[in-house]
Amino acid sequence: AQSVAQPEDQVNVAEGNPLTVKCTYSVSGNPYLFWYVQYPNRGLQFLLKYITGDNLVKGSYGFEAEFNKSQTSFHLKKPSALVSDSALYFCAVRDRVGGATNKLIFGTGTLLAVQP
Amino acid sequence: KAGVTQTPRYLIKTRGQQVTLSCSPISGHRSVSWYQQTPGQGLQFLFEYFSETQRNKGNFPGRFSGRQFSNSRSEMNVSTLELGDSALYLCASSELVSGGAGETQYFGPGTRLLVL
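Residues numbered from 1 in each chain as written. Chains lettered and ligands numbered in written order. Predicted model: local features only at pLDDT ≥ 70, side-chain atom pairs only at ≥ 80, totals over all residues. Heavy atoms only, no water.

Asker: Give a description of the sheet that holds strand S3 (residues 19-24) of chain B that names residues and reports values.
Answerer: All names here are of chain B. The antiparallel open sheet is built from 4 strands, whose spatial order is S1-S3-S8-S7. Since the sheet does not close on itself, it has two edges, and those belong to strand S1 (5-7) and strand S7 (64-68), each with one partner. Across this sheet, the average inter-strand angle for adjacent strands is 20°, counted without regard to direction. For S3 and strand S8 (residues 74-78), the ladder comprises 5 bridges, and the chain directions are antiparallel. Residue pairing for S8: Leu21 is matched across the bridge by Met76. (Pairing = 2+ DSSP bridges. Helix = DSSP H or I, 4+ residues; strand = E, 2+ residues; numbered from the N terminus. Axes fitted to C-alpha atoms, helices over the stretch in contact; angles between N-to-C directions.)

Asker: I'd like a description of the state of the cysteines, backed by residues and values.
Answerer: Residue and element names in this part refer to chain B. With the rule as written, the count across this model stands at 2 disulfides over all chains. Between the sulfur of Cys23 and that of Cys91 lies a disulfide, 1.8 Å long from S to S. In this structure the cystine formed by Cys23 and Cys91 twists about its S-S bond by roughly -60°; its chirality is therefore left-handed. In this pair, Cys23 sits in strand S3 while Cys91 sits in strand S9 (residues 87-94), placing the two residues 68 residues apart along the sequence. For Cys91, a relative accessible area of 0% translates into the label buried. (Disulfide = S-S within 2.5 Å. Buried < 20%, exposed > 50% of the residue type's maximum accessible area, 1.4 Å probe, protein only.)

Asker: Hey, could you go over the layout of surface pockets for me, with residue numbers and the actual values?
Answerer: Gaps left between atoms are located by rolling a probe of water-molecule size over the structure's atoms. As a volume, the largest pocket reaches approximately 610 Å³. Together, 26 residues line the largest pocket, and Thr38, Gln41, Gly42, Leu43 and Gln44 of chain B are the ones closest to its centre. Residue composition of the lining of the largest pocket, grouped by class: 12 nonpolar, 12 polar and 2 charged. Lining the second largest pocket we find Arg42, Gly43, Leu44, Gln45, Phe46, Ser60 and Tyr61 of chain A together with Gln105, Tyr106, Phe107, Gly108 and Pro109 of chain B. (1 Å grid on protein atoms, 1.4 Å probe; cavity = no way out; pocket = protein on both sides within 12 Å on 5 of 7 lines; lining within 4 Å. Points joined across faces, edges and corners; volume = space filled by probe spheres on them. Nonpolar A, V, L, I, M, F, W, Y, C, P; charged D, E, K, R; others polar.)

What follows is the structure, given as C-alpha coordinates:
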(Lines give C-alpha, C1' and ligand atoms only; values in the text may rest on other atoms or scores of the structure.)
Protein backbone atom coordinates (compact mmCIF):
# COMPACT_ATOMS: atom_id res chain seq x y z
CA ALA A 1 0.00 0.00 0.00
CA GLN A 2 1.13 3.51 -0.70
CA SER A 3 1.84 5.67 2.30
CA VAL A 4 3.54 8.73 3.65
CA ALA A 5 5.12 9.05 7.08
CA GLN A 6 5.91 12.17 9.03
CA PRO A 7 7.89 10.89 11.98
CA GLU A 8 7.73 14.06 14.07
CA ASP A 9 4.48 15.30 15.56
CA GLN A 10 6.11 18.60 16.40
CA VAL A 11 9.25 20.47 15.44
CA ASN A 12 10.50 23.39 17.51
CA VAL A 13 12.95 25.89 16.08
CA ALA A 14 14.16 29.36 17.01
CA GLU A 15 13.43 32.23 14.66
CA GLY A 16 16.29 32.72 12.21
CA ASN A 17 17.48 29.13 12.45
CA PRO A 18 17.12 26.63 9.62
CA LEU A 19 14.18 24.26 9.80
CA THR A 20 13.55 20.77 8.48
CA VAL A 21 10.25 18.89 8.49
CA LYS A 22 10.72 15.24 7.63
CA CYS A 23 8.71 13.06 5.27
CA THR A 24 9.29 9.55 3.97
CA TYR A 25 7.17 7.73 1.43
CA SER A 26 6.34 4.27 0.21
CA VAL A 27 4.90 4.03 -3.30
CA SER A 28 5.04 1.78 -6.32
CA GLY A 29 6.67 3.50 -9.25
CA ASN A 30 7.82 7.08 -9.40
CA PRO A 31 6.28 9.24 -6.69
CA TYR A 32 4.50 12.54 -7.11
CA LEU A 33 5.09 14.32 -3.80
CA PHE A 34 3.54 17.44 -2.32
CA TRP A 35 3.85 19.68 0.70
CA TYR A 36 0.95 21.68 2.08
CA VAL A 37 0.66 24.02 5.06
CA GLN A 38 -2.42 24.60 7.20
CA TYR A 39 -2.93 27.59 9.43
CA PRO A 40 -5.53 27.43 12.23
CA ASN A 41 -9.10 27.22 10.98
CA ARG A 42 -7.96 27.37 7.40
CA GLY A 43 -7.73 25.01 4.44
CA LEU A 44 -4.52 23.63 3.02
CA GLN A 45 -2.14 25.89 1.13
CA PHE A 46 0.10 24.38 -1.54
CA LEU A 47 3.82 24.91 -0.95
CA LEU A 48 5.63 22.80 -3.52
CA LYS A 49 5.70 19.54 -5.40
CA TYR A 50 8.11 17.05 -6.92
CA ILE A 51 7.12 15.36 -10.15
CA THR A 52 10.38 14.76 -11.95
CA GLY A 53 13.67 16.49 -12.64
CA ASP A 54 15.86 18.29 -10.12
CA ASN A 55 15.88 16.73 -6.70
CA LEU A 56 15.80 20.14 -5.04
CA VAL A 57 12.41 21.78 -5.45
CA LYS A 58 11.79 25.40 -4.58
CA GLY A 59 8.38 26.55 -3.49
CA SER A 60 6.41 29.35 -1.90
CA TYR A 61 7.48 31.53 1.05
CA GLY A 62 11.14 30.50 0.81
CA PHE A 63 10.51 26.79 1.36
CA GLU A 64 12.28 24.07 -0.54
CA ALA A 65 12.30 20.30 -0.43
CA GLU A 66 14.84 17.68 -1.33
CA PHE A 67 13.76 14.48 -3.02
CA ASN A 68 15.99 11.53 -2.15
CA LYS A 69 15.06 8.38 -4.00
CA SER A 70 17.51 6.09 -2.23
CA GLN A 71 16.20 7.15 1.18
CA THR A 72 12.59 7.51 -0.05
CA SER A 73 12.44 10.91 1.59
CA PHE A 74 11.10 14.33 0.72
CA HIS A 75 12.08 16.64 3.57
CA LEU A 76 10.85 20.23 3.69
CA LYS A 77 13.44 22.87 4.49
CA LYS A 78 13.83 26.58 4.98
CA PRO A 79 17.15 28.35 5.60
CA SER A 80 15.78 30.86 8.12
CA ALA A 81 12.55 30.28 10.05
CA LEU A 82 10.02 32.99 10.76
CA VAL A 83 7.50 33.08 13.61
CA SER A 84 4.83 33.31 10.92
CA ASP A 85 5.92 29.88 9.62
CA SER A 86 4.34 28.32 12.71
CA ALA A 87 1.62 26.04 11.35
CA LEU A 88 0.73 22.43 10.57
CA TYR A 89 2.61 20.92 7.65
CA PHE A 90 1.43 17.97 5.59
CA CYS A 91 3.36 15.80 3.20
CA ALA A 92 1.32 13.96 0.58
CA VAL A 93 1.80 11.53 -2.27
CA ARG A 94 -0.39 11.12 -5.33
CA ASP A 95 -2.13 7.76 -5.34
CA ARG A 96 -0.81 5.80 -8.32
CA VAL A 97 -3.18 2.87 -7.96
CA GLY A 98 -6.37 2.82 -9.97
CA GLY A 99 -5.43 4.91 -12.97
CA ALA A 100 -6.01 8.59 -13.47
CA THR A 101 -6.78 10.23 -10.17
CA ASN A 102 -5.91 13.28 -8.15
CA LYS A 103 -6.30 11.41 -4.87
CA LEU A 104 -3.68 12.42 -2.35
CA ILE A 105 -2.51 10.25 0.52
CA PHE A 106 -1.50 12.48 3.40
CA GLY A 107 0.88 12.08 6.28
CA THR A 108 -0.27 12.73 9.80
CA GLY A 109 1.09 16.25 9.83
CA THR A 110 3.89 17.99 11.70
CA LEU A 111 3.26 21.01 13.88
CA LEU A 112 6.02 23.54 13.39
CA ALA A 113 6.53 25.97 16.26
CA VAL A 114 8.95 28.83 15.70
CA GLN A 115 9.97 30.64 18.86
CA PRO A 116 10.87 34.34 18.68
CA LYS B 1 -8.55 33.90 -10.26
CA ALA B 2 -10.73 33.36 -7.29
CA GLY B 3 -9.84 30.39 -5.16
CA VAL B 4 -11.91 27.40 -4.19
CA THR B 5 -14.97 28.43 -2.24
CA GLN B 6 -16.96 26.30 0.14
CA THR B 7 -20.30 26.96 1.74
CA PRO B 8 -21.31 27.04 4.45
CA ARG B 9 -18.17 27.57 6.51
CA TYR B 10 -19.69 26.31 9.72
CA LEU B 11 -22.59 24.00 10.37
CA ILE B 12 -24.17 22.47 13.44
CA LYS B 13 -26.47 19.49 13.06
CA THR B 14 -27.93 16.83 15.30
CA ARG B 15 -27.60 13.08 14.98
CA GLY B 16 -29.83 11.55 12.36
CA GLN B 17 -30.07 14.68 10.25
CA GLN B 18 -28.58 15.05 6.82
CA VAL B 19 -26.33 17.77 5.47
CA THR B 20 -25.26 19.09 2.08
CA LEU B 21 -21.98 20.89 1.57
CA SER B 22 -21.12 22.90 -1.50
CA CYS B 23 -17.87 23.55 -3.34
CA SER B 24 -17.10 25.87 -6.23
CA PRO B 25 -13.77 25.09 -7.89
CA ILE B 26 -11.30 27.50 -9.37
CA SER B 27 -12.52 28.70 -12.75
CA GLY B 28 -11.42 26.26 -15.44
CA HIS B 29 -10.78 23.39 -13.04
CA ARG B 30 -12.82 20.31 -13.87
CA SER B 31 -11.66 17.96 -11.13
CA VAL B 32 -13.03 18.25 -7.61
CA SER B 33 -12.02 16.10 -4.66
CA TRP B 34 -13.34 15.96 -1.13
CA TYR B 35 -11.43 15.14 2.05
CA GLN B 36 -12.42 14.72 5.66
CA GLN B 37 -10.09 16.00 8.36
CA THR B 38 -10.41 14.87 11.97
CA PRO B 39 -7.94 14.92 14.86
CA GLY B 40 -8.03 11.16 15.15
CA GLN B 41 -7.95 10.04 11.52
CA GLY B 42 -6.19 12.96 9.91
CA LEU B 43 -6.89 13.77 6.27
CA GLN B 44 -8.86 11.10 4.49
CA PHE B 45 -9.99 11.03 0.87
CA LEU B 46 -13.74 10.88 0.32
CA PHE B 47 -14.26 11.03 -3.42
CA GLU B 48 -13.22 12.68 -6.66
CA TYR B 49 -15.28 13.95 -9.56
CA PHE B 50 -14.31 14.86 -13.07
CA SER B 51 -16.73 16.00 -15.76
CA GLU B 52 -19.71 15.02 -13.61
CA THR B 53 -18.39 11.47 -13.13
CA GLN B 54 -17.09 9.96 -9.92
CA ARG B 55 -13.55 8.80 -10.71
CA ASN B 56 -12.51 7.55 -7.33
CA LYS B 57 -14.05 6.86 -3.94
CA GLY B 58 -12.53 6.49 -0.52
CA ASN B 59 -13.38 4.02 2.18
CA PHE B 60 -16.44 5.70 3.64
CA PRO B 61 -19.93 4.30 4.20
CA GLY B 62 -22.71 4.84 1.70
CA ARG B 63 -24.11 7.64 3.86
CA PHE B 64 -21.49 9.82 2.20
CA SER B 65 -22.30 10.75 -1.36
CA GLY B 66 -21.48 13.46 -3.81
CA ARG B 67 -22.10 14.81 -7.23
CA GLN B 68 -20.70 17.27 -9.70
CA PHE B 69 -22.64 19.60 -11.93
CA SER B 70 -21.96 20.64 -15.50
CA ASN B 71 -20.32 23.87 -14.29
CA SER B 72 -17.90 21.74 -12.20
CA ARG B 73 -19.44 22.82 -8.91
CA SER B 74 -19.74 19.93 -6.51
CA GLU B 75 -21.84 18.97 -3.54
CA MET B 76 -21.40 16.30 -0.96
CA ASN B 77 -24.16 14.91 1.18
CA VAL B 78 -24.04 13.04 4.44
CA SER B 79 -27.22 11.33 5.53
CA THR B 80 -28.14 10.03 8.97
CA LEU B 81 -25.41 11.99 10.67
CA GLU B 82 -23.40 10.40 13.45
CA LEU B 83 -21.31 12.08 16.12
CA GLY B 84 -18.18 10.78 14.42
CA ASP B 85 -19.01 12.76 11.29
CA SER B 86 -17.93 15.94 13.07
CA ALA B 87 -14.98 17.13 11.05
CA LEU B 88 -13.54 19.71 8.72
CA TYR B 89 -14.60 18.85 5.18
CA LEU B 90 -12.19 20.11 2.57
CA CYS B 91 -12.78 20.49 -1.12
CA ALA B 92 -9.94 20.70 -3.62
CA SER B 93 -9.89 21.42 -7.31
CA SER B 94 -7.38 20.82 -10.07
CA GLU B 95 -7.21 20.86 -13.82
CA LEU B 96 -6.54 17.11 -14.29
CA VAL B 97 -5.48 17.78 -17.83
CA SER B 98 -3.28 14.77 -18.46
CA GLY B 99 -5.05 12.13 -16.47
CA GLY B 100 -3.49 12.10 -13.06
CA ALA B 101 0.03 13.37 -13.57
CA GLY B 102 1.41 16.26 -11.56
CA GLU B 103 -1.54 18.57 -11.33
CA THR B 104 -1.70 20.50 -8.10
CA GLN B 105 -4.81 20.38 -5.98
CA TYR B 106 -5.90 23.70 -4.52
CA PHE B 107 -7.95 23.54 -1.37
CA GLY B 108 -10.83 25.61 -0.14
CA PRO B 109 -11.15 26.88 3.44
CA GLY B 110 -13.33 23.95 4.44
CA THR B 111 -16.69 23.47 6.09
CA ARG B 112 -16.56 22.70 9.77
CA LEU B 113 -19.38 20.35 10.69
CA LEU B 114 -20.34 19.72 14.27
CA VAL B 115 -22.80 16.93 14.98
CA LEU B 116 -24.50 17.06 18.36
